[in-house]
Amino acid sequence: MAVQISPSILSADFARLADEAAAVENTADWLHVDVMDNHFVPNLTLGLPVVASLLRATSLPLDCHLMIEDPDRWAPQYAEAGAGSVTFHVEAAQAPIRTARAIRAAGARAGMALKPATPVEPYEDMLPELDMLLVMTVEPGFGGQSFLDVTVPKIRRARDLIRRHGLQLWLQVDGGVSEETIERCAEAGADVFVAGSAVYGADDPAKAVQALRERAERATARAPWACGH
Ligand SMILES: O=C(CO)[C@@H](O)[C@H](O)COP(=O)(O)O
Ligand SMILES: [Co+2]
């Protein structure tokens, strides 16, 4: 199971998004796009028109993280627009299974996100409906926050559930992921790593992606759960 790095453009210069995407095009796997509506989270970013423009501006697949109310209505539209992956928050969804199926039907990977205090166990039965589970490692809403260590046991429990069910879904972490914290996440079982300030706050974003990948790969190789994968 390969490590994947998804730089978050929340920490990029919004006036130069095409250039900022190009800066990581050769080293990143995805471009993480944080959609915030100022209702689900106390911050406002961008929506479908910017996603449509970004799709034309980069060859990287877009990993859209929807921090919005009513994702049941909006998430399939991001998939129809051409996002490679669309992740909605379960706390905001009225019908998470229907929404995950609608994302897949529109041709994208379906992701479901959990805020730091939302447990994974109640959603065990719906994991087969998903292509990715996102464990938030900060409270959603802002870049540049400190990694919440309290979320690491949940990453471990999520990996354990995925393994026990024999599922292939990816396990993403998002928030405060840096060269200092990425190994903790990888050892606990994460395989897709979002990083905003650690990439776009660096002098060389492309090199920052490589450095994160190397650390995650080293930690994955020594992770106990990796045996048999
Ligand atoms: O979804 C979010 C924040 O809510 C993230 O994707 C942030 O953009 C990550 O930024 P860093 O914590 O890596 O600076
Ligand atoms: Co995000």
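Residues numbered from 1 in each chain as written. Chains lettered and ligands numbered in written order. Predicted model: local features only at pLDDT ≥ 70, side-chain atom pairs only at ≥ 80, totals over all residues. Heavy atoms only, no water.

Here, the residues flagged by UniProt with the feature "binding site: substrate" (unreviewed entry) are Ser8, His65, Gly141, Phe142, Gly143, Gly144, Asp174, Gly175, Gly176, Gly196 and Ser197. Of the annotated set named above, Ser8, His65, Gly141, Phe142, Gly143, Gly144, Asp174, Gly175, Gly176, Gly196 and Ser197 line the largest cavity. With respect to the helices and strands, phenylalanine 142 occurs in the loop between strand E6 (132-136) and helix H5 (152-164). Taking relative accessible area as the criterion, phenylalanine 142 reaches 43% and is therefore assigned partly exposed. Sequence-distant contacts of phenylalanine 142, that is, excluding residues within four places in its chain, are made with Leu10, Met36, Pro42 and Asn43. Assignment of secondary structure puts serine 197 in helix H7 (residues 197-200). For serine 197, a relative accessible area of 40% corresponds to the partly exposed category. (UniProt positions renumbered as here; feature names shortened; annotations may be inferred. 1 Å grid on protein atoms, 1.4 Å probe; cavity = no way out; pocket = protein on both sides within 12 Å on 5 of 7 lines; lining within 4 Å. Helix = DSSP H or I, 4+ residues; strand = E, 2+ residues; numbered from the N terminus. Buried < 20%, exposed > 50% of the residue type's maximum accessible area, 1.4 Å probe, protein only. Contact = heavy atoms within 4.5 Å.)

What follows covers the pairing of strand E8 (residues 192-195). Residues Val192 and Val194 of E8 are buried on one face, and the alternating residues Phe193 and Ala195, pointing to the opposite face, are buried as well. Summarising the sheet, strand E1 (residues 4-7) and E8 pair through 4 bridges and their orientation is parallel. In the sheet register, isoleucine 5 faces E8, and the bridge partner there is phenylalanine 193. Sheet analysis places strand E7 (residues 170-174) next to E8, joined by 3 bridges and oriented parallel. Each bridged residue has a counterpart across the sheet, and for glutamine 172 the counterpart in E8 is valine 192. At this point the chain moves from E7, through helix H6 (residues 182-188), to the parallel E8, and the crossover so formed is right-handed. (Pairing = 2+ DSSP bridges. Right-handed = clockwise from strand over helix to strand, strands pointing away.)

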